[in-house]
Amino acid sequence: MLKNISDVMTSPPITVDPGASIREAAEVMRESDVGDVVVTEGDMLVGVLTDRDIVLRCVAEGTDPDTTTARSVCSSNVATVPAQSSLRDAVDVMRTDALRRLPVVEGERVVGVVTMGDLAVAIDSGSALADVSAAPPNH
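Residues numbered from 1 in each chain as written. Predicted model: local features only at pLDDT ≥ 70, side-chain atom pairs only at ≥ 80, totals over all residues. Heavy atoms only, no water.

S.K.: Go over helix α4 (residues 87-97) with me, naming the residues and quoting the values.
M.R.: Within α4, the full set of buried residues consists of L87, A90, V91 and M94. Seen end-on, α4 carries its buried residues on one side only, within an arc spanning 100°. Just beyond α4, the residue with positive phi is A98, at close to 50°. (Buried < 20%, exposed > 50% of the residue type's maximum accessible area, 1.4 Å probe, protein only. Helix = DSSP H or I, 4+ residues; strand = E, 2+ residues; numbered from the N terminus. Arc of directions from axis to C-beta.)

Below, the structure is given as structure tokens:
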């Protein structure tokens with residue numbers, strides 16, 4: 001039985017350096033088949049950069065994805081959850097902060113990411129969201 005976030009999180013997290021260009025971050029997302037990357041300096045959290053951030057804060061603003069950095073576009077005030085937290089704790093944080101992705105930390109180090117889909121599969125594998133989240137990518 002799943003007891004805590006470390007049982008369902010994706011680890012290690014997919015990361016980029018704060019100075020990475022938006023184009024580089026987008027390429028990492030494409031290659032890893034994810035919609036977000038954790039922006040880190042070493043193992044330390046700087047922020048989270050999503051595909052939506054790229055569209056709204058870079059493309060729609062007309063900035064150059066080759067010179068705009070991940071640090072300048074990512075969300076930097078990011079909620080986290082400790083790896084030993086319960087699934088319910090993560091659900092509560094995601095609900096309160098209206099999040100779809102949540103970095104998982106051990107002390108100051110980012111050790112993983114848990115998504116709404118991860119929690120759906122873990123908590124109710126028969127739900128529609130779990131079904132969609134468990135499906136392989138269709139490229």
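There is more to say after this.
S.K.: Describe the nonpolar core, listing the residues and the values that go with them.
M.R.: Counting residues in each nonpolar core, the largest one holds 15 residues, and the members touching the most others are I5, M9, L102, V104, V114 and L119. Per element, the largest residue contribution to this core is four residues, and it comes from α4. Dropping the residues within four chain positions of it, V104 is found in contact with I5, M9, V81, P82, A83, R109, V110, V111, G112, V113 and V114. (Core = buried A, V, L, I, M, F, W, Y, C linked by side-chain atoms within 4.5 Å. Contact = heavy atoms within 4.5 Å.)

S.K.: Give a detailed account of the confidence of the model for the chain, specifying residues and quantitative values.
M.R.: The predicted coordinates ought not to be read in detail in places where the model reports low pLDDT. With 88% of its residues at a pLDDT of at least 70, the chain reaches an overall mean of 88. This stretch, residues 129-135, has a pLDDT under 50; its non-local contacts, to residues over four places away or in other chains, come to nine contacts. (pLDDT = per-residue confidence, 0-100.)

S.K.: Let's hear about the pattern of salt bridges: which residues, and what values?
M.R.: As enumerated under the stated definition, the model contains eight salt bridges in all. Two residues, R71 and E41, come together in a salt bridge whose shortest N-O distance is 3.1 Å. Here R71, found in helix α3 (residues 70-73), pairs with E41, found in strand β2 (residues 36-41); they are 30 residues apart in sequence, far enough to count as distant. R71 gets classed as partly exposed once you look at its relative accessible area, which sits at 44%. (Salt bridge = Lys/Arg side-chain N within 4 Å of Asp/Glu carboxyl O.)

S.K.: Break down the packing of helix α1 (residues 22-32) against helix α2 (residues 51-59) for me, with residues and values.
M.R.: Axis separation between α1 and α2 bottoms out at 10 Å; the angle between their running directions is 155°. On the basis of the axis angle, α1 is roughly antiparallel to α2. Once α1 is placed against α2, the crossing between them reads as left-handed. Listed contacts from α2 to I22, A26 and M29 of α1 are D51, I54 and C58. Looking at the contact of α1 with α2, its residues break down into five nonpolar, no polar and one charged. (Axes fitted to C-alpha atoms, helices over the stretch in contact; angles between N-to-C directions. Parallel < 35°, antiparallel > 145°, perpendicular 65-115°, else oblique. Left-handed = near helix turned anticlockwise from the far one by under 90°. Nonpolar A, V, L, I, M, F, W, Y, C, P; charged D, E, K, R; others polar.)

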